[in-house]
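Given next are the chains, with one letter for each unit.
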There are 2 protein chains.
Amino acid sequence: MPILDALQQEVGPAVSTADEDLEKVRTDRGGWTTPERALAVVRARGIDDVRAVLRLATATRTPVVPRGAGTGLAGGAIGTEGAIVLDLAGMDRVLGIDAADETAVVQPGVVTDDLARALEPHGLWWPPDPASRAISTVGGNIATNAGGLLCAKYGVTRQSVRALKVVLADGALVDLGRPTVKDVTGYDLAGLMIGSEGTLGVVVEATLGLRRIDRAPTVTLAATFDSVREAAAASAAITATGLRPAALELMDAASCAAIDALVAAGGGPEGDVPSLSGRGAFLLVHCDGASAEADATTAVRLLEAAGGDVTRAADPAAGEALLALRRSAHPAFARLGEPLIEDVAVPRSRLPEMFEAVEEIAARHGLPIPVIAHAGDGNLHPNVVIPPHLATGGIPDVAWAAAEDLFRAAMDLGGTLTGEHGVGILKRRWLEDALGEDVLALGRRVKAAFDPLGILNPGKAI
Amino acid sequence: MPILDALQQEVGPAVSTADEDLEKVRTDRGGWTTPERALAVVRARGIDDVRAVLRLATATRTPVVPRGAGTGLAGGAIGTEGAIVLDLAGMDRVLGIDAADETAVVQPGVVTDDLARALEPHGLWWPPDPASRAISTVGGNIATNAGGLLCAKYGVTRQSVRALKVVLADGALVDLGRPTVKDVTGYDLAGLMIGSEGTLGVVVEATLGLRRIDRAPTVTLAATFDSVREAAAASAAITATGLRPAALELMDAASCAAIDALVAAGGGPEGDVPSLSGRGAFLLVHCDGASAEADATTAVRLLEAAGGDVTRAADPAAGEALLALRRSAHPAFARLGEPLIEDVAVPRSRLPEMFEAVEEIAARHGLPIPVIAHAGDGNLHPNVVIPPHLATGGIPDVAWAAAEDLFRAAMDLGGTLTGEHGVGILKRRWLEDALGEDVLALGRRVKAAFDPLGILNPGKAI
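Residues numbered from 1 in each chain as written. Chains lettered and ligands numbered in written order. Predicted model: local features only at pLDDT ≥ 70, side-chain atom pairs only at ≥ 80, totals over all residues. Heavy atoms only, no water.

Novice: How should I be thinking about the packing of aromatic side chains in this particular structure?
Specialist: The geometry of an aromatic ring pair comes down to the distance between the two centres and the angle between the two planes. Residues and elements named next belong to chain A. If you walk through the whole model with that rule in mind, you get six aromatic pairs over all chains. Ring centres 4.7 Å apart and planes at 70° place the aromatic pair Phe407 and Trp430 in the edge-to-face group. In this pair, Phe407 is assigned in helix α14 (residues 397-412) and Trp430 in the loop between α14 and α15 (431-435), connecting sequence segments 23 residues apart. Overall, the relative accessible area of 0% leaves Phe407 in the buried class. The ring of Trp400 has Arg429 sitting right over it, with the charged end atom 4.7 Å from the ring centre. (Phe/Tyr/Trp six-rings, centres within 6.5 Å; stacked < 30°, edge-to-face > 60°. Helix = DSSP H or I, 4+ residues; strand = E, 2+ residues; numbered from the N terminus. Buried < 20%, exposed > 50% of the residue type's maximum accessible area, 1.4 Å probe, protein only. Lys NZ or Arg CZ within 6 Å of the ring centre and 35° of its normal.)

This is how it looks when you write it as structure tokens:
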């Protein structure tokens, strides 16, 4: 029986081969569109649909691409030639919240912000905080081991997942991990699934580890500097004292200029925010917890000692305005052209060198590359901006060349080519350089242990 | 060439076949001694020795058992028949400490407490806190994903390791993980190594993630209760308010009686400590960080409301005495007989049920089973005490029967058969029950991806 007929028979109304559905899955938020065409999109209604699709895919050796909201930046959920795109966005229920154990059981399609809204009345929150949280799904966060602003203090996704229900390539349903805080029975296969970008199995349910909401008032500070070097020194001075701000965000001169232009055009955030006109760097410090007030006082002293011009938010609304200034970076960059959002990470101490490298690479390739960095954890997002005259729908070679230089610079500093976005399709060509031949081969043997026929998201991640 | 001759040729003076060395590796701290006999012990002097041994082992299909200080409790490092025991205790150097990045690079043989002493002058500490920390090695902590008292607040070993240098079964040396806080390049193979009990590779160097020492004064509280149910309710009330004490330790009536007997015999801790005579439970609460004082005040109120008789340490020395009372549990149990230290974990909310189950199992088998529990994370250590008249050098059937009932009770409550000690040899017979056939098979395929000949610590963990 042809595959499509078999799919129809197995999962009936969940299958679509409509042009608009197949068109949509040719891309994600990364800016690249594949010329390939998937076979069908299956909007899974539950675990049984996922199992049926994988059994059929195994029987027919058809590739399966798991997909959530499609907000990835590396092409990991893009539908490839002849693949069944398994759309999990409709499996979007919060199945249970346990305040005593600080856990929640959710389906993979729950939108990250919707989860936050469901948890809030219970006084609980889930730490992963990707910029896409208003539109991304928990399953996507798990697939990429998503990070965000709060990782230096609260960890990445892997540290906030206890257990997973996973459908394997052959359709078997397994429980990996355990809802307990501690468990060393067998290998940590749940941890291995996290960040594996849909290449090892399909997550159909997750038990998440939560934290209590701390109601102590937060304090938000912002400082501008003459140079990014000064700002990086200030950031280093803050972490060196033992402070762990919830967020410590650094933007360079190019970012300041872009946001300043946005503000001048009337598109800036509401509220009283410092001018970024002509400034060399912007550093945001967000303190929470019982020591927020004392930490902020220490931070102000250190920021000023490093040459910073400090704004201390008088109240939560003013703090929100400072955070909004940081969040306006992406709209600001989008005014300059099409940003290719990169995602390197280096040991925190190497941040100043990495900022210098970005500046040099931007100059060499003649492209603006404004940078926003999670300074607390050493993760930088250089935005390689493709100016309108070079934008032809795809990503031009000069942007790839700049991106490659960024990866090499990060790796030379002991860093990595992706901190939190994933390898997907777009970074796969640098994977062997980053991992080395032996580790890549080992990873592929592990992949084969899960997926001997290679039907799960082939051509991605590994 | 016979293997021993080849070993001599490759690693010369590192090899021992002395009876006393082979005798020593027949056991660990778990109380069980194998009747089997290893081929040789190799005291590795560096990475080259490890690689040479593994190349030779691969060529001759000889089993290799990695071993640190031999302080494990599940037999994971016991030398099996004809195996080369690869003793890493001599690779005990701290290679570097980076305060700016809060990382340290160490060899696997560093004793956990020695690491703490090396880090202290830099204002840094490493969270894993196993009871064996004075004698266990960092490599052993990594092999078992060691926990301890501080996990509910500071995480288990896996959360405090960034990168590993690993020698694979064929002698290849690979770098897994990255010193950065964030990294999603390739699968999390470093995380997979942690807790794999020497069955996937040999860790020869580790980059550890550290924390800053918080100099704020700590506050230690202890409360005794009429019943363990009251104490468990008090513990639940504390965590339900959002407090995260650094340690929250619960002991049952049998533990109180054993410690009381130790104190009466003059073997108790120095300092002023509450009497445990006739008490139903003891709960220790250790608060640290900026909010320690406020947290302790809240905790006192909750402890008293739950029926607790509270002692608040007036100063650090008095706090140390209360902690020492908790730590005297093991010497106290040893006076009753030979303890088989079990290690189940359940979701925190199921602690009261698990305590009840232990009491019932102890009565049914006619053995004392005092329990100490890390109440903050749901990890219980029931000590199945083998009375002198049953102790014949090994572990009698009645103790195994009681242990099996403990595992089943924990699993029935959504828990696990080992929270932090590992599976080793001793718990392997229950592994399929705990994981299910599919997950066990998957784990074994992963094992084969790393170690296709099955020479790494065969018969252990998986």
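Having seen the model, we can carry on.
Novice: Is there a simple way to explain helix α16 (residues 437-450) of chain A in this structure?
Specialist: Spacing of three or four residues puts side chains on the same side of an α-helix, whose turn is 3.6 residues. With 14 residues, α16 of chain A should reach 20 Å at 1.5 Å per residue; the first-to-last C-alpha distance of 20 Å fits that figure. If you check which residues of α16 of chain A are buried, you get Val439, Leu440, Leu442, Gly443, Val446, Lys447, Ala449 and Phe450 of chain A. Next to the buried residues of α16 of chain A lie α7 (189-193) and α15 of chain A together with β9 (173-177), α7 (189-193) and α16 (437-450) of chain B. (Expected span 1.5 Å × (residues − 1). Contact = heavy atoms within 4.5 Å.)

Novice: I keep staring at the interface of chain B and chain A and nothing clicks. Help me out?
Specialist: In many reports, interface size means the accessible area that the parts give up when they come together. Between chain B and chain A, the residue contacts involve 74 residues of the former and 75 residues of the latter. The three residues of chain B that bury the most area against chain A are Lys182, Val184 and Tyr187 of chain B, which together make up 16% of that side's buried surface. Our enumeration of links across chain B and chain A arrives at 10 salt bridges. Arg348 of chain B is the partner of Glu102 of chain A in a salt bridge, and the nearest nitrogen-oxygen pair spans 3.7 Å. Counting residues per element, the ones that place at least two in the side of chain B that touches chain A are β9, α7, β11 (211-212), α8 (228-240), α15 (431-435) and α16 of chain B. Residue contributions to the side of chain B that touches chain A peak at nine residues, all from α16 of chain B. Here the side of chain B that touches chain A is built from residues that sort into 31 nonpolar, 24 polar and 19 charged. (Buried area = accessible area lost by both parts, 1.4 Å probe. Salt bridge = Lys/Arg side-chain N within 4 Å of Asp/Glu carboxyl O. Nonpolar A, V, L, I, M, F, W, Y, C, P; charged D, E, K, R; others polar.)

Novice: Looking at this structure, I do not really get the relation of the copies chain B and chain A. What am I missing?
Specialist: Note that the two copies of the chain are related through a rotation about an axis and a translation along the same axis. Its rotation angle being 180°, the transformation that places chain B on chain A also includes 0.0 Å of axial translation and leaves an RMSD of 0.0 Å. Look at the turn and shift together and you get a two-fold axis relating the two. Relative to the rotation axis, the C-alpha of Val446 of chain B is the closest in chain B, positioned 2.9 Å from it. (Least-squares fit on C-alpha atoms with pLDDT ≥ 70 in both.)

Novice: For this particular structure, what's the right way to read the sheet that holds strand β8 (residues 161-167) of chain A?
Specialist: Within a sheet, adjacent strands bond to each other through the backbone by hydrogen bonds, running parallel or antiparallel. Residues and elements named next belong to chain A. The antiparallel open sheet is built from five strands, whose spatial order is β5-β6-β10-β8-β9. If you trace the sheet from one side to the other, it starts and ends with β5 (94-98) and β9 (173-177), each paired once. Averaged over neighbouring strand pairs, the angle between their axes works out to 15° when direction is ignored. Examined bridge by bridge, β8 and strand β10 (residues 202-209) share six bridges and lie antiparallel to one another. The partner of Val166 across the bridge, within β10, is Val203. (Pairing = 2+ DSSP bridges. Axes fitted to C-alpha atoms, helices over the stretch in contact; angles between N-to-C directions.)

Novice: Whenever I open this one, the sheet that holds strand β3 (residues 64-67) of chain B confuses me. Can you help?
Specialist: Residue and element names in this part refer to chain B. Pairing is mixed in the open sheet, where four strands are placed in the order β1-β2-β4-β3. Each edge of the open sheet is held by one strand with a lone partner, namely β1 (15-16) and β3. The sheet contact formed by β1 and strand β2 (residues 40-43) spans two bridges and is antiparallel. Within β2, the position partnered with Ser16 by the bridge is Val41. Packing against the sheet, helix α1 (residues 3-11) makes contact with β1, β2 and β4 (84-87), and its axis sits at approximately 10° to β2.

Novice: Looking at this structure, how should I read the pairing of strand β14 (residues 281-287) of chain B?
Specialist: Successive side chains on a regular strand alternate, one facing one side of the sheet and the next facing the other. Residues and elements named next belong to chain B. Counting buried positions along β14 gives seven out of seven residues, so the element sits mostly inside the fold. The alternating pattern of β14 places Ala281, Leu283, Val285 and Cys287 and Phe282, Leu284 and His286 on opposite faces, both of which are buried. Bridge count for strand β13 (residues 247-252) against β14 is six bridges, and the pairing is antiparallel. Across the sheet, Ala247 pairs through a bridge with His286, a residue of β14.

Novice: Can you walk me through the domain arrangement of chain A in this structure?
Specialist: All names here are of chain A. According to the domain assignment, chain A contains domain 1 (3-87), domain 2 (94-212) and domain 3 (219-412). Relative to domain 3, the C-alpha centre of domain 2 lies at a distance of 28 Å. Taken together, the contact between domain 2 and domain 3 spans seven residues of the former and 10 residues of the latter. Summing the contributions of domain 2 and of domain 3, the shared interface buries around 770 Å²; its carbon and sulfur component is 53%. A per-residue breakdown of the area domain 2 buries against domain 3 is headed by Leu149, Ala152 and Lys153, which together make up 71% of the total. Linking domain 2 with domain 3 are one salt bridge, by the criterion used here. Across the pair Lys153 and Asp288 runs a salt bridge whose closest N-O atoms are separated by 2.7 Å. (Domains from an automatic or database assignment.)

Novice: Would you explain a negative patch on the surface in this entry?
Specialist: Taken together, the side chains of Asp170 of chain A together with Glu432, Glu437 and Asp438 of chain B present a region of like negative charge at the surface. Residue position: Asp438 of chain B is located in helix α16. What makes Asp438 of chain B partly exposed here is its relative accessible area of 39%. (Patch = residues over 30% accessible without salt bridge, like charges linked within 9 Å, V, L, I, M, F, W, Y side chains within 5 Å. Areas by Shrake-Rupley, 256 points an atom, 1.4 Å probe, with all protein chains shown as cover. Lys, Arg positive; Asp, Glu negative; His and termini not counted. Charge placed at Lys NZ, Arg CZ, Asp CG, Glu CD.)

Novice: Hey, could you run me through unusual backbone geometry in this one?
Specialist: Among all residues except glycine, the phi angle is most often negative; among peptide bonds, the trans geometry is most common. Although it is not a glycine, Asn145 of chain A sits at a positive phi angle of roughly 50°. You can see Asn145 of chain A is positioned in the loop between α5 (138-144) and α6 (151-154). We classify Asn145 of chain A as buried; its relative accessible area is 3%. Backbone geometry places Asn457 of chain B, a non-glycine residue, at a positive phi of 45°. Note on placement: Asn457 of chain B falls in the segment after α16.

Novice: Just checking my understanding: could you explain the side chain of Asp451 of chain B for this structure?
Specialist: Residues and elements named next belong to chain B. Mapped onto the fold, Asp451 is located in the segment after α16. Overall, the relative accessible area of 2% leaves Asp451 in the buried class. Here Asp451 is in contact with Ala169, Thr199 and Leu456, once residues within four sequence places are set aside.

Novice: Would you mind showing me how to read the UniProt feature "domain: FAD-binding PCMH-type" (unreviewed entry) in chain A here?
Specialist: UniProt feature "domain: FAD-binding PCMH-type" (unreviewed entry): in the numbering of this structure it lies at residues 34-213 of chain A. Along residues 34-213 of chain A, the helical share is 21% and the strand share 25%, with 42 Å between the first and last C-alpha atoms. (UniProt positions renumbered as here; feature names shortened; annotations may be inferred.)

Novice: What should I look at first to understand the packing of helix α1 (residues 3-11) of chain A against helix α3 (residues 47-60) of chain A in this one?
Specialist: For any two helices packed against each other, the geometry is given by the interaxial angle and the distance between the axes. Residues and elements named next belong to chain A. α3 packs onto α1 with a crossing angle of 155° between their chain directions and a minimal axis gap of 10 Å. Taken together, α1 and α3 sit at an angle that is classed as roughly antiparallel. Two packed elements cross with a definite hand, and for α1 against α3 that hand is right-handed. Between α1, through Ile3, Ala6, Leu7, Glu10 and Val11, and α3, the contact on the second element is made entirely by Asp49, Ala52, Val53, Leu56 and Thr60. Here the contact of α1 with α3 is built from residues that sort into seven nonpolar, one polar and two charged. (Parallel < 35°, antiparallel > 145°, perpendicular 65-115°, else oblique. Left-handed = near helix turned anticlockwise from the far one by under 90°.)

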